[in-house]
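Observations on the three-dimensional arrangement
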Amino acid sequence: MQEPSGSKTVSGHPEKEKTPAAGKAGAVNYKQTLNLPQTGFKMKAGAATREVEIQQHWQNSQVYQQSLQQNKGNPRFLLHDGPPYLSANTIHIGTALNKILKDIVTRYKFQRGFYSPYVPGYDGHGLPIENAVVKKIKGGRNSMSAADLRKRCREFARSNLSGQEQNFKRLGVWGNWETPYLTIDGAFEATQIEVFGELYQNNYVYKGLKPVYWCCSCETALADAEVEYGDHSSYNIYVAFPVKTTSQSALSQADQVLLENARVVIWTTTPWTLPANMALAVNANFTYCLVESNVHGKLIIAEGLLDSVSKVIGQNLDSDNETDNSKAEGNFKILASFSGALLEGLVTSHPFIDRQSPVLLGDHVTLDAGTGIVHTAPGHGMEDYVMVQQYNRTEAYQNNPIEILSPVDNSGRLTEEGCVPSLVGVPYFKANPLILEILKDKQALLQSSQFQHSYPHCWRCHNPVIYRSTEQWFIDIEKARQASLEAIKSVTWIPARGETRISNMVEGRGDWCLSRQRVWGVPIPAFYEEATGAVIFDPRIIDHLSQLFRQHTSDIWWSWSVDELLNGLPQAVKQDLNLVDETGTLKALRKETDIMDVWFDSGITHRAVVACRADELGEPPVELYLEGSDQHRGWFQSSLLTGVMTTGKAPYKQVLTHGFVLDENGRKMSKSLGNVIDPNVVIREFGADVLRLWVTSVDYTSDVRIGKNTLHQMAEIYKKVRNTIRFILGNLADFNPESDRVSYDGLSLLDQYMLHRLSHITKNITVAFDQWALYRYAHEIQYLSMADLSALYFDITKDILYCDAINTPRRRGIQTVLFNVLQTMLPMLVPVMPHMADDIWLSLPDIQKNAITKLALDKTDINSATLLPWPSLPQEWENPAVAAKFDQLLAVKAAVNLVLEKPRSSGKIGSALEADVLLVAADDTTFHWLEALTPAFLSVVLITGSVRIVQDVDETKLSAGYAWLDSGSGTVNDQPFSVYVMPTGSKKCERCWKYEPTVGDFSEAPGCCARCYQAIKAMA
């Protein structure tokens, strides 16, 4: 026997303790005559083993494949999976959150009738995998060939795939596990270079020398999405550049004379970039002042920053004082003012290198900080680079362009190019103090200090990065920017703030650096003439390489020679491309050694996966992308850009994002804090369904929290739901849906009210899922189980279920409701707790399974609850009139329970069944709505001995002969009423324990009431 979890019973029931004997020899054992619950559905889930058994059942029965066949030809809903990195063989809790959300969506959309395939994907390229492999190689990266390193990377990725796949399956995620997509598959890589070729042919791709984020630890360029920001200590220095000549400026002769021996002051936080200084920049619209100082001489500084600069370098501004005090140490004297436009063409000398630094005009110069004059190193800053390139295109600089100098090698060490000997070979961060000493020696350093600020770091090694100009392959974002911004507007972003976020990112994004100086990735399929360095790139070569990659994977780019790679290319094509000499022999060519950014790999899955598997998945755009909010700068954006460039539209219709997973105190999880939650550990202790239930209990649109306390709470909710279902199953053991159902009109008010509540909560869950508010599910399913069912409906009806004769109309009516609850809750469990759903399904009698499937699918041959459609309930169940009437009855019940609490707590009565209740109202309309209900029904709902309704009672006469227990009052529809409770004068039935006047009327069963007597007779 089991009590529905969470119920607070106010009545006694014979199954709770040993039933008294009838008192006579041969008396009936009344307990054996009760309709006690019978079910094979276990109270304890035993998730560690049972869930695995159910997953094996899914695999053996090919449940996922059945779902596709079941909805084949229906409208499609495709959630396209973003590929997780194969850098480890286990998953973390954030990945579990992501996969569970996806599984809930695909299962729900299937249940709503959509063809909803799910193909899991994996990203097998990238620096994390390469670094993990290199760490295990004795001698490091340079101790083996690129081909051998790639072989190890491929083996490493595939071994991790197996581990991650098992983790995902253990979460209960369904999908096409037989043929997932991998970015390292030959077919994928082939499609990838085809897309690259299309972008090149359409002038989106170019190769150029420009500054990009560079990680000196990983020795590779980085995309914007591969950069994170963290605290960093930098130098803060003011440096003076001596004026060399003013003749090329538009300054007056008098101002040119004033500027003799003057110095232009710049401010920088990157002293190590001073060897790469090629110019200075001012703003044409600012006013600049020539000031004089006893300490530093004549200086040029922006007027708007004179005060702040004077404070930093130890000077006080005093421009009005013409006395001798103006020349005293600590004061500036303004000698002249002129617009920035007049300074263009002024030439300064580099402070410690024999090189000129002309003054240029730049709109990027601001008065936010510094001196209003920007040290310009076009090899180490994008704004500097853009300005210098604009000047180099003018007639004045075409014959003598400003050099794009970047004297730093791949590992961040300063090179001989344009540098002083003492700095060559020094790491850039160690060069800073050395450069300060040089500046002091040259008397060019006006002030130096250090400060903490937010600075870009590599998101993999977490070390600071630099801007460095190298030859790289780029995608011209400007050509696709406006179309991409328009495409963003066509997408539904969930939550809506995602639209603003990605729009701002695309609006402000520079060109996409596509190349990486790594080994493990898809090569950029370009060749170069050794003699001239000219790039060789042609669609016919791409088509040829695509076929080879499809067959052999891109590994052949490193293991085959140029001759072998181009061997199958038709001779006519080779001649047309001038790849062969007069004898037909292939010229000396070399392969590009850079690989593509891993974000390009995943960014083209809409083509390499969806479009290439159109028979299974349909054509892009897909219905949904679902990933973490960090993917606005990652996968969402790379997919958007490549989609717009290749098809003119976004590859998705909706984008749903979730936050990060934190511990219960809101802290980021880390091993050092000891607060990491391992999903596999959670599953071993609680089961996958508890973890899945947690996902639907938190608002995933923001960061979410999880910890031991949270998981124990979820486990309790899970148990409540499970025990609720177990109570239903146990009390349906003798129920045949085909013959025992009671029509809606034949149900009691209580039964109809329960169907109304079921309809209401089903609608709430449906609306929540349709609106992507999946986090409302746990609350709704918990309330249905614990409040509506266990605490109310089960508590009231179990006496009838246990003690009535099997076939009484009111018992069959209750069973009808229980069966309706079962066939409604069962499919609603499927998206979130599919293991529990199938555990229930496998314990059901065939006659009940068939009834459920016949109603839902008009067939009777499904072998899993996960194939059930979402419940569609009869309109008549939603009955506001019934709800209003029963809510009033619940108000009366609450008032009666309050009055009964005193005599129960004082020991005057043991249970409410020992009390008779008198409801008294002065107004004859107060209980008018109750008159249609029988006293027997009222006593069932109130769970008391009896219930009477009277008007204007004389309390003194009524109480004669009774020991009043207590009285109180209540209100219904703003009308007051009184409650009187008194000890019942009836005897206790030994079978049902209710106090009934008919107890003792039957010689065959002297201890029974009339109802129990009839029930026993029906069993004979």
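Described in the following lines is the structure provided in the data block. Here the structure is a predicted model, which is why all the values come from computation and not from measurement.

**Topic: the overall build of the protein chain**
When helices and strands are counted, the protein chain shows 35 helices and 34 strands. Taking 1020 residues into account, the globule formula puts the C-alpha radius of gyration at 31 Å, and the protein chain, at 40 Å, lies well above it. The principal-axis extent of the C-alpha atoms belonging to the protein chain is close to 130 × 85 × 50 Å. Taking all contacts inside the protein chain whose residues are at least 6 apart in sequence as the whole, residues at least 24 apart take part in 77%. Just so you have it, the protein chain exposes about 41900 Å², and 48% of that area is on carbon and sulfur atoms. The distance from the centre of the 96 positive side-chain charges to the centre of the 114 negative ones in the protein chain is 7 Å.

**With respect to the pattern of salt bridges**
The final tally for this structure, using the stated rule, is 37 salt bridges. The shortest N-O distance in the salt bridge between Glu-189 and Arg-154 comes to 3.8 Å. With Glu-189 in helix 6 (residues 186-201) and Arg-154 in helix 5 (residues 146-170), the pair connects residues that are 35 residues apart, well separated along the chain. Take Glu-189 and Arg-154: they sit in the same class, and that class is buried. In this structure, Glu-592 engages Lys-207 in a salt bridge whose closest nitrogen and oxygen atoms are separated by 3.3 Å. Note that Glu-592 is positioned in the loop between strand 23 (589-591) and strand 24 (595-596) and Lys-207 in strand 4 (residues 205-215), a separation of 385 residues in sequence. Each of Arg-50, Glu-53, Arg-722 and Asp-839 takes part in a single network of salt bridges with overlapping partners.

**Notes on the pairing of strand 14 (residues 356-361)**
The pairing of strand 8 (residues 279-282) with strand 14 spans 3 bridges and is classified as parallel. Counted as the bridge partner of Leu-280 is Val-359 from strand 14. The antiparallel hairpin formed by strand 13 (residues 347-349) and strand 14 contains 6 residues in its connecting segment.

**As for the sheet that holds strand 25 (residues 624-628)**
Strand order in the open sheet formed by 4 strands is 1-25-26-18, with parallel pairing between adjacent strands. Of all strands in the sheet, those bounded by a partner on one side alone are strand 1 (79-80) and strand 18 (492-494). Across 2 bridges, the pairing between strand 1 and strand 25 is parallel. Counterpart to His-80 in the pairing with strand 25 is Tyr-625. Helix 3 (residues 93-111) contacts strand 1, strand 25 and strand 26 (654-658) of the sheet and is inclined by roughly 160 degrees relative to strand 25.

**Notes on the packing of helix 27 (residues 749-770) against helix 32 (residues 880-906)**
With their axes 9 Å apart at the nearest point, helix 27 and helix 32 run at an angle of 115 degrees to one another. In terms of their interaxial angle, helix 27 and helix 32 are classed as roughly perpendicular. The interaxial crossing formed by helix 27 with helix 32 has left-handed handedness. Between helix 27, through Leu-749, Leu-750, Gln-752, Tyr-753 and His-756, and helix 32, the contact on the second element is made entirely by Pro-880, Val-882, Ala-883, Lys-885, Phe-886, Asp-887 and Leu-890. A class-by-class count of the residues in the contact of helix 27 with helix 32 yields 8 nonpolar, 2 polar and 2 charged.

**Digging into the nonpolar core**
In summary, soluble globular proteins display a tendency toward joint burial of nonpolar side chains. One finds Leu-691 and Trp-694 to be the most contacted residues of the largest nonpolar core, which totals 172 residues. With 13 residues, helix 28 (residues 777-803) is the single largest residue contributor to this core. Once residues within four sequence positions are removed from consideration, Trp-694 is found in contact with Leu-97, Val-661, Val-704, Arg-705, Ile-706, Thr-710 and Met-714. In terms of nonpolar packing, the next biggest core, distinct from the first, is built from 72 residues, Leu-485, Ile-541, Val-610 and Leu-641 among them.

**What about the packing of aromatic side chains?**
Under the counting rule described, the total for this entry stands at 33 aromatic pairs. The structure contains a cluster of three or more aromatic residues connected by ring pairs, namely Phe-196, Tyr-200, Trp-473, Trp-512, Phe-537 and Phe-600. Directly above the aromatic system of Trp-993 lies the positively charged group of Lys-988, at a separation of 4.5 Å from the ring centroid.

**Points about unusual backbone geometry**
Cis geometry marks the peptide bond from Ile-494 to Pro-495; its omega dihedral reads 0 degrees. Inspection of the secondary structure puts Pro-495 in the loop between strand 18 and helix 14 (497-507). Each neighbour pair has its own omega, and for Pro-620 with Pro-621 the value is 5 degrees, a cis peptide bond. Its location among the elements puts Pro-621 in the loop between helix 21 (614-617) and strand 25. Phi is positive for His-462, close to 65 degrees, though the residue is something other than glycine. One can find His-462 in the loop between strand 16 (445-458) and strand 17 (466-475). Given a relative accessible area of 46%, His-462 falls into the partly exposed group.

**Quick word on the sheet that holds strand 21 (residues 527-529)**
Strand order across the open sheet formed by 3 strands is 22-21-23, with antiparallel pairing between neighbours. Here the strands that pair on one side only, and so sit at the sheet edges, are strand 22 (535-536) and strand 23. Where strand 21 meets strand 23, 3 bridges bridge the pair, whose relative direction is antiparallel. Within strand 23, the position partnered with Glu-529 by the bridge is Leu-589.

**A few points about the pairing of strand 32 (residues 975-983)**
Side-chain positions along a regular strand alternate between the two faces of the sheet. Here strand 29 (residues 915-920) pairs with strand 32 via 6 bridges, running antiparallel. Its bridge partner lying in strand 32, Leu-918 is registered against Tyr-980. Relative to strand 32, strand 31 (residues 966-972) runs antiparallel, the two being bridged by 7 bridges. By the bridge assignment, Ser-969 is partnered in strand 32 with Ser-978. Where strand 31 folds back onto strand 32 in an antiparallel hairpin, the turn is made up of 2 residues, including Asn-973, whose phi is positive at roughly 50 degrees.

**Brief notes about helix 2 (residues 63-70)**
Looking at helix 2, one finds that the buried residues are Val-63, Tyr-64, Ser-67 and Leu-68. Axial view of helix 2: buried residues confined to an arc of 145 degrees, hence all on one face. On its buried face, helix 2 sits against helix 1 (47-61) and helix 3.

**Topic: the environment of Arg-741**
One can find Arg-741 in the loop between helix 26 (737-740) and helix 27. Separated by 197 residues in the primary sequence, Arg-741 and Leu-938 have C-alpha atoms spaced 24 Å apart. Excluding residues within four positions of it along the chain, Arg-741 makes contact with Phe-735, Asn-736, Thr-816, Phe-819, Asn-820 and Gln-823. Reaching out from Arg-741, the side chain makes a polar contact with the side chain of Asn-820 at a distance of 3.3 Å.

**Describing the side chain of Arg-1011**
With respect to the helices and strands, Arg-1011 occurs in helix 35 (residues 1010-1019). What makes Arg-1011 buried here is its relative accessible area of 19%. Residues contacting Arg-1011, with those up to four places away along its chain left out, are Asp-799, Ile-800, Cys-803, Asp-804, Arg-810, Cys-992 and Lys-994.

**Considering the packing of helix 27 against helix 28**
Two numbers describe how helix 27 lies on helix 28: the axes approach to 10 Å, and their chain directions differ by 175 degrees. By the angle between their axes, helix 27 is roughly antiparallel relative to helix 28. Across the interface between the two elements, Leu-750, Asp-751, Tyr-753, Met-754, Arg-757, Leu-758, Ile-761, Asn-764, Ile-765 and Phe-769 of helix 27 pack against Tyr-777, Glu-780, Ile-781, Tyr-783, Leu-784, Asp-788, Leu-789, Leu-792, Tyr-793, Ile-796 and Thr-797 of helix 28. Split by residue class, the contact of helix 27 with helix 28 holds 15 nonpolar, 2 polar and 4 charged.

Definitions and limits used
- Residues numbered from 1 in each chain as written.
- Predicted model: local features only at pLDDT ≥ 70, side-chain atom pairs only at ≥ 80, totals over all residues.
- Heavy atoms only, no water.
- Helix = DSSP H or I, 4+ residues; strand = E, 2+ residues; numbered from the N terminus.
- Rg over C-alpha atoms; globule rule 2.2 N^0.38 Å.
- Contact = heavy atoms within 4.5 Å.
- Areas by Shrake-Rupley, 256 points an atom, 1.4 Å probe, with all protein chains shown as cover.
- Lys, Arg positive; Asp, Glu negative; His and termini not counted.
- Charge placed at Lys NZ, Arg CZ, Asp CG, Glu CD.
- Salt bridge = Lys/Arg side-chain N within 4 Å of Asp/Glu carboxyl O.
- Buried < 20%, exposed > 50% of the residue type's maximum accessible area, 1.4 Å probe, protein only.
- Pairing = 2+ DSSP bridges.
- Axes fitted to C-alpha atoms, helices over the stretch in contact; angles between N-to-C directions.
- Parallel < 35°, antiparallel > 145°, perpendicular 65-115°, else oblique.
- Left-handed = near helix turned anticlockwise from the far one by under 90°.
- Nonpolar A, V, L, I, M, F, W, Y, C, P; charged D, E, K, R; others polar.
- Core = buried A, V, L, I, M, F, W, Y, C linked by side-chain atoms within 4.5 Å.
- Phe/Tyr/Trp six-rings, centres within 6.5 Å; stacked < 30°, edge-to-face > 60°.
- Lys NZ or Arg CZ within 6 Å of the ring centre and 35° of its normal.
- Arc of directions from axis to C-beta.
- Polar contact = N/O pair within 3.5 Å; in protein donor to acceptor, adjacent residues only side chain to side chain.

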